[in-house]
Amino acid sequence: MASEGESTGQAVPVGRRVFLAMAGLGAMGVIFGTKLQGALGAAIGTGLGGLLPGGNRFRIYTVTGSFPAILPADYRLSVSGLVNRPMTLTLDQLAAMPSVKLVKDFQCVTGWRVPQVHWEGVRLKDILDAAGVKGGAAAVEFDSYDGVDTESLTLSQASRPDVIVAYRMLGESISTPHGGPVRLYVAPMYGYKSLKWLSSVRLVENATPGFWEQNGYPVDAWVGNVNGRQDAPIS
Ligand SMILES: Nc1nc2c(c(=O)[nH]1)N[C@H]1C(S)=C(S)[C@@H](COP(=O)(O)O)O[C@H]1N2
Ligand SMILES: [Mo]
């Protein structure tokens, strides 16, 4: 995990204001499991959105205190596990696959929502089909170049047409803070499923719950159906 991040060079240190906001992250491990929602809102959910050029209303999250620096030419997506043809895809190879565009709200489980975000990428299903999913596979695990955050989906969730491996967001190539060059985008679920700096897609029989799930969030993250929240579904 960490080796993939390291092999791409240094991480980009976050700026002073972000760092100060991130200082709260150290306490998160302690608070996790008891008051996860409150901890997220207080520790990393406040005041970061305004730091982005362009003024979009996303709040930039990272669980490591830095952003992995990945040159587009160095980017690789590994597809492994219970597949007939394990693959390592470059950004050019992803870009050469049929692309889809989605325009949908982005909803974080802490409550913020960015309306009508433009996304572009490759359907995860197309990548799974290219690799040839073996009969025993029932779930997909995802790793990040940050070496810490992880995610998972059931195979049927991963096969939805609104689950994409995205390389464009907000009308441009995905920026480093937003998880570029490539992040997962799981449209119908809360933002924590949309793993940034996506490095690996692994087909498995039973998925290990991801980072946020190990710290208290539901594995099934359908918008409007988590921790008693009543957000309108993403349409
Ligand atoms: N690698 C990584 N991916 C991540 C996160 C993270 O901390 N690290 N945070 C998740 C959460 S909780 C949300 S709401 C979105 C936020 O996306 P943004 O940082 O582009 O605003 O990213 C998700 N993917
Ligand atoms: Mo989130």
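Computed from a prediction, not measured in an experiment: that's the story for all the values here.

**Structural notes on the overall build of the chain**
Part 1 of the argument: What the chain contains, in helices and strands, is 8 helices and 12 strands.
Part 2 of the argument: In the chain, buried positions account for 51% of the 235 residues.
Part 3 of the argument: Entry remark: accessible area of the chain is about 10400 Å², with carbon and sulfur atoms responsible for 54%.

**Let's talk about the nonpolar core**
Nonpolar side chains tend to gather and get buried jointly when the protein is soluble and globular.
Part 1 of the argument: Core analysis: the largest hydrophobic core is formed by 46 residues, its most contacted members being Leu77, Leu94, Ile127 and Leu198.
Part 2 of the argument: If you tally residues by element for this core, the top one is helix α6 (residues 124-131), at 4 residues.
Part 3 of the argument: With residues up to four places along the chain from it excluded, the contact list for Leu94 reads Tyr75, Leu77, Leu89, Val122, Ile127, Val165, Tyr167 and Val182.
Part 4 of the argument: Counting 16 residues, the second largest nonpolar core, distinct from the first, contains Phe58, Cys108, Trp112 and Val114.

**Examining the site of ligand 1**
Part 1 of the argument: Taken together, 21 residues lie around ligand 1, and Arg59, Asp146, His178, Arg183 and Lys196 are the ones closest in.
Part 2 of the argument: Ser144 places a polar side-chain atom, nitrogen or oxygen, 3.5 Å from a nitrogen atom of ligand 1.
Part 3 of the argument: Note that an oxygen atom of ligand 1 is positioned 2.8 Å from one of the side-chain N or O atoms of Arg183.
Part 4 of the argument: Here the residues of the shell around ligand 1 sort into 11 nonpolar, 5 polar and 5 charged.

**A word on the confidence of the model for the chain**
Part 1 of the argument: Mean pLDDT over the chain stands at 83; residues scoring 70 or higher make up 77%.
Part 2 of the argument: This stretch, residues 16-54, has a pLDDT under 50; its non-local contacts, to residues over four places away or in other chains, come to 52 contacts.

**Overview of the sheet that holds strand β7 (residues 139-144)**
Part 1 of the argument: Read from one edge of the open sheet, 5 strands run β4-β3-β12-β7-β8, paired in mixed fashion. Where the open sheet ends on each side, the last strands, each with one partner, are β4 (87-90) and β8 (150-154). Neighbour-to-neighbour, the strand axes of this sheet turn through a mean angle of 20 degrees, independent of strand direction.
Part 2 of the argument: Pairing of β7 with strand β12 (residues 198-204), which is carried by 6 bridges, proceeds in the antiparallel orientation. Bridging from a neighbouring strand, Val140 pairs with Leu203 of β12.

**Regarding the pairing of strand β3 (residues 76-81)**
Part 1 of the argument: As defined by bridge partners, β3 adjoins β4 across 4 bridges and the pair is classed as antiparallel. Paired with Ser78 across the two strands is Thr88, which belongs to β4.
Part 2 of the argument: Hairpin connection between β3 and β4: a loop of 5 residues separates the two successive antiparallel strands.
Part 3 of the argument: Alignment of β3 against β12, held across 4 bridges, turns out to be parallel.

**Topic: the side chain of Gln107**
Part 1 of the argument: Relative to the elements of secondary structure, Gln107 occurs in strand β5 (residues 100-107).
Part 2 of the argument: Residue classification places Gln107 among the buried residues on the basis of a relative accessible area of 3%.
Part 3 of the argument: A distance of 2.6 Å separates the side chain of Gln107 from the side chain of Arg113, its partner in a polar contact.
Part 4 of the argument: If near-sequence neighbours (up to four positions away) are discounted, Gln107 is found in contact with Trp112, Arg113, Tyr190, Gly191, Val223, Arg229, Asp231 and Ile234.

**A short note on the pattern of salt bridges**
Pairing is possible between side chains that carry opposite charge, provided their charged atoms lie close to one another.
Part 1 of the argument: Within this structure, the stated rule accounts for 9 salt bridges.
Part 2 of the argument: A salt bridge links Lys125 to Asp129; the nearest nitrogen and oxygen atoms lie 2.9 Å apart. With Lys125 and Asp129 both in helix α6 and 4 residues apart, this pair spans about one turn of that helix.
Part 3 of the argument: Its relative accessible area of 44% is what places Asp129 among the partly exposed residues.
Part 4 of the argument: Here Arg202 and Glu141 are joined by a salt bridge, their closest N and O atoms 2.9 Å apart. Here Glu141 lies in strand β7 and Arg202 lies in strand β12, a separation of 61 residues in the sequence.
Part 5 of the argument: Taking relative accessible area as the criterion, Glu141 reaches 10% and is therefore assigned buried.
Part 6 of the argument: A network of salt bridges, in which partner residues are shared, links Glu141, Asp143 and Arg202.

**Concerning the environment of Trp197**
Part 1 of the argument: Position of Trp197 among the secondary structure elements: in the loop between β11 (183-186) and β12.
Part 2 of the argument: Residue Trp197 is classed as buried on the basis of its relative accessible area, which comes to 1%.
Part 3 of the argument: Through-space distance from the C-alpha of Trp197 to that of Ser144 is 5.2 Å; in sequence the pair is 53 residues apart.
Part 4 of the argument: Separated by 2.8 Å, the side chain of Trp197 and the backbone oxygen of Thr176 make a polar contact.

Thresholds applied
- Every chain is numbered independently, its residues counted from 1 as its sequence is written.
- Chain letters and ligand numbers both follow the written order, the letters beginning at A and the numbers at 1.
- Under the rules for a predicted model, residues below a pLDDT of 70 receive no local features and side-chain atom pairs below 80 are neither given nor counted, while totals for whole chains, interfaces and linings still include all residues.
- The side-chain quantities take in all heavy atoms of the structure and omit both hydrogens and water.
- The helix and strand labels rest on DSSP assignments: H or I over at least four residues marks a helix, E over at least two residues marks a strand, and numbering proceeds from the N terminus.
- Relative accessibility decides the category of a residue: with a 1.4 Å probe and only protein chains considered, values under 20% of the type maximum give buried, values over 50% give exposed, and everything between is partly exposed.
- Per-residue accessibility takes into account occlusion by the displayed protein chains alone, with areas from the Shrake-Rupley method and a 1.4 Å probe.
- Here, nonpolar core means buried Ala, Val, Leu, Ile, Met, Phe, Trp, Tyr and Cys residues that are tied together by side-chain atoms lying within 4.5 Å of each other.
- Working rule for contacts: check all heavy atoms of both residues, and any pair within 4.5 Å makes them a contact.
- Whether a residue is near a molecule or strand depends on its heavy atoms: if one lies within 4 Å, it is near.
- By the criterion applied in these results, polar contacts are pairs of N or O atoms within 3.5 Å in which, for protein atoms, one can donate a hydrogen and the other can accept it, and in which residues neighboring in sequence qualify only through two side-chain atoms.
- Each residue gets one label: Ala, Val, Leu, Ile, Met, Phe, Trp, Tyr, Cys and Pro are nonpolar, Asp, Glu, Lys and Arg are charged, and the others, such as Gly, are polar.
- The score called pLDDT rates the predictor's confidence residue by residue, from a low of 0 to a high of 100.
- Any two strands with at least two DSSP bridges between them are considered paired.
- A fitted line through C-alpha atoms serves as each axis, taken over the contacting stretch for helices, and the angle formed by two N-to-C directions is quoted from 0 to 180°.
- Basic side-chain nitrogens of Lys or Arg form a salt bridge, by our definition, when they fall within 4 Å of a carboxyl oxygen of Asp or Glu.

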